[in-house]
Amino acid sequence: MAMAATIAKRAGRRFLSSLPALFGVVVFTFLLMRVLPGDPAIFFASGPNAGQAEIDEIRRQMGLDKPIPEQLIYYLRDITTGNLGRSMTTGQTVVKDLVTRLPASLELTFVALMLALSTALPLGIMAALRPNSAVDHVVRFLCTLGVCVPTFVSGLLFIYGFYYLLGLAPDPTGRIDIFASQPPTVTGFMLVDSLIARDSEAFVAVASQLVLPACTMALFVLAPLARMTRASMLAVLTSDFVRTGEALGLSRLRVILVYALRNALLPVITIMGIVFSTMLGANVLVEKVFSWPGVASYALDALLASDYAPVQGFVLLMATIFVMVNLTVDVLYGIADPRVTIE
Amino acid sequence: MSTATLRHVGFILRGNPVTLVAGCGALFLVLVAIFGPSLVPFDPTTSNVPRALQPPSATHWFGTDQLGRDVFSRVVVATRLDLLIAASAVSLSFVLGAVIGAFSGYSGGTLDRWVGRFVDVLMAFPLFVLAMAMVAALGNRVENIIYATAIINLPFYIRFARAEVNVRRSAGWVEAARASGNSHARVVLLYLLPNVLPAMAVQISLNLGWAILNAAGLSFLGLGVRPPTPEWGILVAEGARFITTGKWWLVMFPGMALMFAVLCFNLLGDGLRDILDPRMRT
């Protein structure tokens, strides 16, 4: 109970300390988007032939004739009331668009993260158990190569290999084959939704669509995770408590997986923030390659159409998610290592 | 360089031939960037539609694209632009980051707090998304890719320079420089910065690889460099349309060029760090 209270207190304090950064993010996004080329009032006007009077009227309605600081206050007010504007390309409010598309992006990112972790940890451990062996060299080679392959290249080569040559993967567009029946939307996560609907056919269809983009993303973040696991595992394996555990006659597996791994995971948790930042960026490229209907491809389409409200909403959303992820990482770290205190 | 240093470099390279190979690779890329455009067999932008989408052959080593342009020539010519973008972005953020970080670490106080906050805000964005938003905001031009890539690199250099200057600011030789009548700006620029730069320079090679990836990613998305300008990211993006019909060479060769460049700069960076900063060796 005391532990839960400590964690809650810690999370609360950490959240308060991340508020200034979040505010900075909002202001920065606002300033950035005010520099965007193109006058939003002209977009909102009835058509290309709209008169100057009409444009001025819309500008007044949107508050664009006010000084910048005043506009910022309006903007902050809009954000707190959940009004991020309207997308010119879809005709919906940006919030609605983002909410319907976010699960697609999150599903992809989480599956990729799970995939990366479940590959990187064993690889890192194996490499650390036998430093300078063949396994170690293979892992190092994979890691060095992994960070060098741009996600958009590896994604396209996966498509070539698994879709065109081998015919194993489905047509690389979207989250589910257009001919398959889509499970009813409950959570928006199609894997979960198809499980809820007990529709194994849909589950397989969704999963097979998800494999290639998830692998592409996982490959890109495999390297930092595996490298960090190897380094911290190496350090932990030489420590006193591991020797004591072995001296007490515990099985090697138990010493490694229970005692050593638990301590070796701490540095891995710390780099999770950076890994997640990389993944949110890679997400944009992967969604483009696989025509994935997530928030990133939505923002990208809007960006190329000079539709600025969705881009602004997207950047804000990404930054907020990232701040939240860092918060979670910090709290997790506190649970994993109770000695850590926040400044 | 003294003979001792040379001997040390030779010693490191003998034990680590990978660095030597990576260095040669990087040198090769620079040479390609300089001389490539005048050596290529075909004009990279002249289309020749009857010979469109041909697989690699003796005439067209890397095949031809949908307009019959020679992919080999386009990949070679693109080297200059890609390296130029990455190098300008990294040097811009290096110079700016070193100066801002050094003054911030030297002064402490209000300036330091504001710089710290600025860096925190930058770091609160997923960096690639930030770069995207900046290119969008500043306009779809090559120089804006450079600025965007420079700004997302900036936090690392600022933090590094700040930390390094901060530990040296009350060292004896800094006090001496101040006591003999140098202004604060002179102390920072002429005494502290030269002391910090070598350690920072090691980061350059590592960052070059990252900058190449970022810039290519941006132009893959259609931001910044525009077709028909040959650039690796755009070449991949153009080839992406034909991958589901099996035209692998359009993606493979520019992709390989990207990988080769990033690999060389990353390995070279690791090697340089071993030579210049042996403490960091892992």
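Residues numbered from 1 in each chain as written. Chains lettered and ligands numbered in written order. Predicted model: local features only at pLDDT ≥ 70, side-chain atom pairs only at ≥ 80, totals over all residues.

A few points about the overall build of chain A
Across its full length, chain A carries 14 helices and zero strands. In chain A, the succession of α and β elements from N to C terminus is α-α-α-α-α-α-α-α-α-α-α-α-α-α. Considering only intrachain contacts with a sequence separation of at least 6, the fraction spanning at least 24 residues in chain A is 70%. (Helix = DSSP H or I, 4+ residues; strand = E, 2+ residues; numbered from the N terminus. Contact = placed C-beta atoms within 7 Å.)

Re the overall build of chain B
Regarding its fold elements, chain B presents ten helices and zero strands. Helices and strands appear in chain B in the N-to-C order α-α-α-α-α-α-α-α-α-α. Taken over the C-alpha atoms alone, chain B extends approximately 75 × 50 × 30 Å along its principal axes. Sorting the 282 residues of chain B into buried and exposed places 47% on the buried side. A sequence separation of at least 24 residues applies to 70% of the contacts in chain B between residues at least 6 apart. (Buried ≥ 20, exposed ≤ 12 C-beta atoms within 10 Å, placed from the backbone.)

So, the interface of chain B and chain A
Between chain B and chain A, the residue contacts involve 36 residues of the former and 39 residues of the latter. Breaking the side of chain B that touches chain A down by element, the ones donating at least two residues are α4 (109-123), α5 (127-138), α8 (184-220), α9 (232-240) and α10 (249-276) of chain B. Split into classes, the residues belonging to the side of chain B that touches chain A amount to 26 nonpolar, eight polar and two charged. (Nonpolar A, V, L, I, M, F, W, Y, C, P; charged D, E, K, R; others polar.)

A short note on the nonpolar core
Core analysis: the biggest nonpolar cluster contains 169 residues, and Ala102(B), Val129(B), Ala131(B), Met132(B) and Ile212(B) have the highest contact counts within it. No other element matches helix α9 (residues 200-237) of chain A, which puts 19 residues into this core. For Ile212(B), the contacting residues outside a window of four places in its chain are Asp82(B), Ala86(B), Leu258(B), Ala261(B) and Val262(B). (Core = buried A, V, L, I, M, F, W, Y, C linked by C-beta atoms within 7 Å.)

Quick notes on helix α11 (residues 252-270) of chain A
All names here are of chain A. With 19 residues, α11 extends 27 Å between its outermost C-alpha atoms, agreeing within 8% with the 27 Å of an ideal straight helix rising 1.5 Å per residue. Leu 261 marks the point of greatest bend in α11, at about 50°. Within α11 the residues assigned to the buried category are Ile 256, Ala 260, Ala 264, Leu 265 and Val 268. Where α11 is buried, its residues contact α5 (94-129), α9, α10 (240-247) and α14 (308-336). (Expected span 1.5 Å × (residues − 1). Bend = angle between axes of the 7 residues up to and from the residue.)

Let's talk about the confidence of the model for chain A
Chain-level statistics for chain A give a pLDDT mean of 81 and a share of 92% at 70 or above. Across chain A, the secondary-structure element scoring lowest on mean pLDDT is helix α2 (residues 40-44) of chain A, at 60, and the one scoring highest is α5(A), at 89. (pLDDT = per-residue confidence, 0-100.)

A short note on the packing of helix α6 (residues 142-168) of chain B against α8(B)
Residue and element names in this part refer to chain B. Their axes nearest at 9 Å, the elements α6 and α8 cross at an angle of 155°. As summarised for this structure, α6 and α8 are arranged roughly antiparallel, according to the angle between their axes. α8 is crossed by α6, and the crossing has right-handed handedness. Residue-level contacts link Ile 145, Thr 149, Ile 152, Asn 153, Phe 156, Tyr 157, Phe 160, Ala 161, Glu 164, Val 165 and Arg 168 of α6 to Leu 192, Asn 195, Val 196, Ala 199, Met 200, Gln 203, Asn 207, Ala 211, Asn 214, Ala 215, Leu 218 and Ser 219 of α8. (Axes fitted to C-alpha atoms, helices over the stretch in contact; angles between N-to-C directions. Parallel < 35°, antiparallel > 145°, perpendicular 65-115°, else oblique. Left-handed = near helix turned anticlockwise from the far one by under 90°.)

Some details on the packing of α5(A) against α14(A)
Residue and element names in this part refer to chain A. Running from amino to carboxyl end, α5 crosses α14 at an angle of 50°, the nearest separation of the two axes being 10 Å. In this view, α5 runs oblique relative to α14, as classed from their interaxial angle. α14 is crossed by α5, and the crossing has right-handed handedness. Contacts from Val 94, Asp 97 and Leu 98 in α5 reach Ala 309, Pro 310, Gly 313 and Leu 317 in α14. In terms of residue class, the contact of α5 with α14 is built from five nonpolar, one polar and one charged.

So, the environment of Ser219(B)
Residues and elements named next belong to chain B. Here Ser 219 shows up in helix α8. Judged by C-beta crowding, with 27 C-beta atoms within 10 Å, Ser 219 ranks as buried. Between the C-alpha atom of Ser 219 and that of Ala 201, which follows or precedes it by 18 residues, the distance is 27 Å. Those residues within four positions of Ser 219 in sequence are excluded, and the remaining contacts are Ile 145, Gly 224, Val 225, Glu 231, Gly 233 and Ile 234.

Some points on the confidence of the model for chain B
Residues and elements named next belong to chain B. Looking at chain B, the pLDDT average stands at 82 and 96% of residues meet or exceed 70. Per-element confidence in chain B is highest for helix α3 (residues 71-107), whose mean pLDDT is 88, and lowest for helix α1 (residues 3-15), whose mean pLDDT is 75. Prediction confidence for the complex, expressed as pTM and ipTM, is 0.83 and 0.82 respectively.

Quick word on the environment of Ala120(A)
Here Ala120(A) is to be found in helix α5. If sequence neighbours within four positions are ignored, Ala120(A) has contacts with Leu222(A), Leu225(A), Ala226(A) and Thr229(A).

Structural notes on α5(B)
All names here are of chain B. Its twelve residues give α5 an end-to-end C-alpha distance of 16 Å, which sits within 8% of 16 Å, the value for a rise of 1.5 Å per residue. For α5, a buried count of eleven out of twelve residues is recorded, marking the element as mostly surrounded by other parts of the structure. Buried within α5 we find Leu 127, Phe 128, Val 129, Leu 130, Ala 131, Met 132, Ala 133, Met 134, Val 135, Ala 136 and Ala 137. Positive backbone phi, at 115°, marks Gly 139, one or two positions downstream of α5.

Description of unusual backbone geometry
Residue and element names in this part refer to chain A. At Asn 132, a residue that is not glycine, the phi angle is positive and equals roughly 65°. Here Asn 132 lies in the loop between α5 and α6 (134-146). Assessed through the 9 C-beta atoms surrounding it within 10 Å, Asn 132 is described here as exposed. A positive phi is found at Ser 291, a non-glycine position, where the angle reads about 45°. With respect to the helices and strands, Ser 291 occurs in the loop between α12 (272-289) and α13 (295-304).

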